Amino acid sequence: EEENLEVEEEEDDGGAGVGSPDSFPPRSFPSQGTLLPRLPSEPGMTLLTIRIEKIGLKDAGQCIDPYVTVSVKDINGIDLTPVQDTPMASRKEDTYVHFNVEIEIQKHVEKLTKGAAIFFEFKHYKPKKRFTSTKCFAFMEMDEIKAGQIVIEL
């Protein structure tokens, strides 16, 4: 099911609490992405890098300026890390949108709260309506994360 979300400038609502959207740096237009660097390693702590290779969609070739927004949220939907956008897709081929990009999760796995999940929102521009739409999304709960390739349903 498709949900339309308009992209607007964030408004300042005053003080930024822990985990509130204002506690993280403002996001820019994602043409180059807003990916963040790898965290420094700490003994006994696990770093998580997620590679998004491609997304399969029946109308993949019709998506304009597609990208993926990656966020880590707690059980109440509060962001636990800064939200990151991939650069726009590297290519569209048949029923696939190719990204081939790595996202560095900005918190060690052991420091994520119980019930946390990683969300992937596939977004594209709709010129007739002049806004960016979330076409579909997927998420992974922490117990689903393991080394190697994983296919998630959108």
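Just so it is clear, the model here is predicted, and its values are computed rather than measured.

Enquirer: Any details on the environment of Gly-33? Residues and values, ideally.
Expert: When you line up the elements, Gly-33 lands in the segment before strand S1 (49-56). Contacts of Gly-33, omitting those with residues within four sequence positions, involve Asp-85, Thr-86 and Pro-87.

Enquirer: Provide a residue-level description of the environment of Ala-117, including the pertinent values.
Expert: Counting through the fold element by element, Ala-117 comes out in strand S6 (residues 117-126). In this structure Ala-117 comes out as buried when scored by relative accessible area, which is 6%. Along the chain, Ala-117 and Asp-79 lie 38 residues apart, while their C-alpha atoms are 9.9 Å from each other. Setting aside residues no more than four positions away along its own chain, Ala-117 makes contact with Ser-71, Val-72, Lys-73, Phe-139, Met-140 and Glu-141.

Enquirer: Lay out the sheet that holds strand S7 (residues 131-141) with the relevant residues and their values.
Expert: Reading across from one edge, S3-S2-S6-S7 is the order of the four strands in this open sheet, with antiparallel pairing throughout. The open sheet is flanked by strand S3 (84-85) and S7, the only strands paired with a single partner.

Enquirer: Tell me about the nonpolar core, residues and numbers included.
Expert: Proteins that are soluble and globular tend to have nonpolar side chains buried together. By size, the foremost hydrophobic cluster in this structure holds 24 residues, and its most contacted members are Phe-99 and Phe-122. Of all the secondary-structure elements, those providing two or more residues to this core are S1, strand S2 (64-73), strand S5 (96-104), S6 and S7. Top element by residues in this core is S5. It accounts for four residues. Contacts of Phe-122, omitting those with residues within four sequence positions, involve Ile-55, Leu-57, Cys-63, Pro-66, Tyr-67, Val-68, Val-97, Phe-99, Ser-133, Thr-134, Lys-135 and Cys-136.

Enquirer: Tell me about the environment of Glu-53, and name the residues and values.
Expert: If you trace the backbone, Glu-53 turns up in strand S1. Distance from Glu-53 to Asn-100, taken between C-alpha atoms, is 4.2 Å for residues 47 residues apart in sequence. Other than its neighbours up to four places away in sequence, Glu-53 contacts Val-97, His-98, Phe-99, Asn-100 and Gln-149. A distance of 3.4 Å separates the side chain of Glu-53 from the side chain of Gln-149, its partner in a polar contact.

Enquirer: Requested: an account of the layout of surface pockets, with residues and values cited.
Expert: Roughly 820 Å³ of volume is contained in the second largest pocket. Considering the residues around the second largest pocket, the lining is formed by 27 residues, among which Arg-51, Ile-52, Ile-150, Val-151 and Ile-152 are closest to the centre. The set of elements that each furnish at least two residues to the lining of the second largest pocket consists of S1, S6 and S7. Each residue belonging to the lining of the second largest pocket can be placed in one class, and the counts come to 18 nonpolar, four polar and five charged.

Enquirer: Residue-level account of the sheet that holds S1, with values.
Expert: The strand order across the open sheet formed by three strands is S1-S5-S4, and the pairing between neighbours is antiparallel. Each edge of the open sheet carries a strand with a single partner, namely S1 and strand S4 (91-93). Each strand axis lies, on average, 25° off the axis of its neighbour in the sheet, ignoring direction.

Enquirer: Pulling in residues and values, what's your account of the pattern of salt bridges?
Expert: For side chains bearing opposite charge, pairing can occur when the charged atoms are close. Applying the stated criterion to the full structure yields six salt bridges. A salt bridge links Glu-42 to Lys-111, with the nearest nitrogen and oxygen atoms 3.4 Å apart. Taken together, the positions of Glu-42 in the segment before S1 and Lys-111 in the loop between S5 and S6 put the pair 69 residues apart, joining distant regions of the chain. Among the salt bridges present, the one from Lys-135 reaches Asp-59, with a minimum N-O distance of 3.0 Å. Of this pair, Lys-135 sits in strand S7 while Asp-59 sits in the loop between S1 and S2, and the two are 76 residues apart along the sequence. On the accessibility criterion, Asp-59 (22% relative accessible area) is partly exposed.

Conventions and cut-offs
Numbering of residues begins from 1 in every chain and follows the order in which that chain's sequence is written. At least 70 in pLDDT is required for a residue's local features to be given in this predicted model, at least 80 for side-chain atom pairs to be given and counted, and no such filter applies to totals for whole chains, interfaces and linings, which use all residues. Excluding hydrogens and water, the side-chain figures rest on all heavy atoms present in the structure. Helix and strand labels come from DSSP, where a helix needs a run of H or I of at least four residues and a strand needs a run of E of at least two; each type is numbered from the N terminus. Any two residues whose heavy atoms approach within 4.5 Å at even a single point are treated as in contact. Between buried and exposed lies partly exposed: a residue is buried under 20% and exposed over 50% of the maximum accessible area for its type, with that area taken using a 1.4 Å probe on protein chains only. Two strands are said to pair when DSSP picks up at least two bridges between them. To qualify as a nonpolar core, a set must consist of buried Ala, Val, Leu, Ile, Met, Phe, Trp, Tyr and Cys residues joined through side-chain atoms within 4.5 Å. Under the rule applied, a polar contact is a pair of N or O atoms within 3.5 Å (in protein, one hydrogen donor and one hydrogen acceptor; residues adjacent in sequence only if both atoms are side-chain atoms). The rule is simple: put a 1 Å grid over the protein atoms alone, call a set of points where a 1.4 Å probe fits but cannot get out a cavity, call an open set with protein on both sides within 12 Å along at least five of seven lines a pocket, and count a residue as lining if it has an atom within 4 Å of a point. Grid points are joined across faces, edges and corners, and a volume is the space filled by probe spheres set on the points. Amino acid classes used here: Ala, Val, Leu, Ile, Met, Phe, Trp, Tyr, Cys and Pro are nonpolar; Asp, Glu, Lys and Arg are charged; the rest, including Gly, are polar. For helices, the fitted axis covers only the stretch in contact; all axes are lines through C-alpha atoms, and the angles between them, taken along N-to-C directions, range from 0 to 180 degrees. Here, a salt bridge means any Lys or Arg side-chain nitrogen found within 4 Å of an Asp or Glu carboxyl oxygen.

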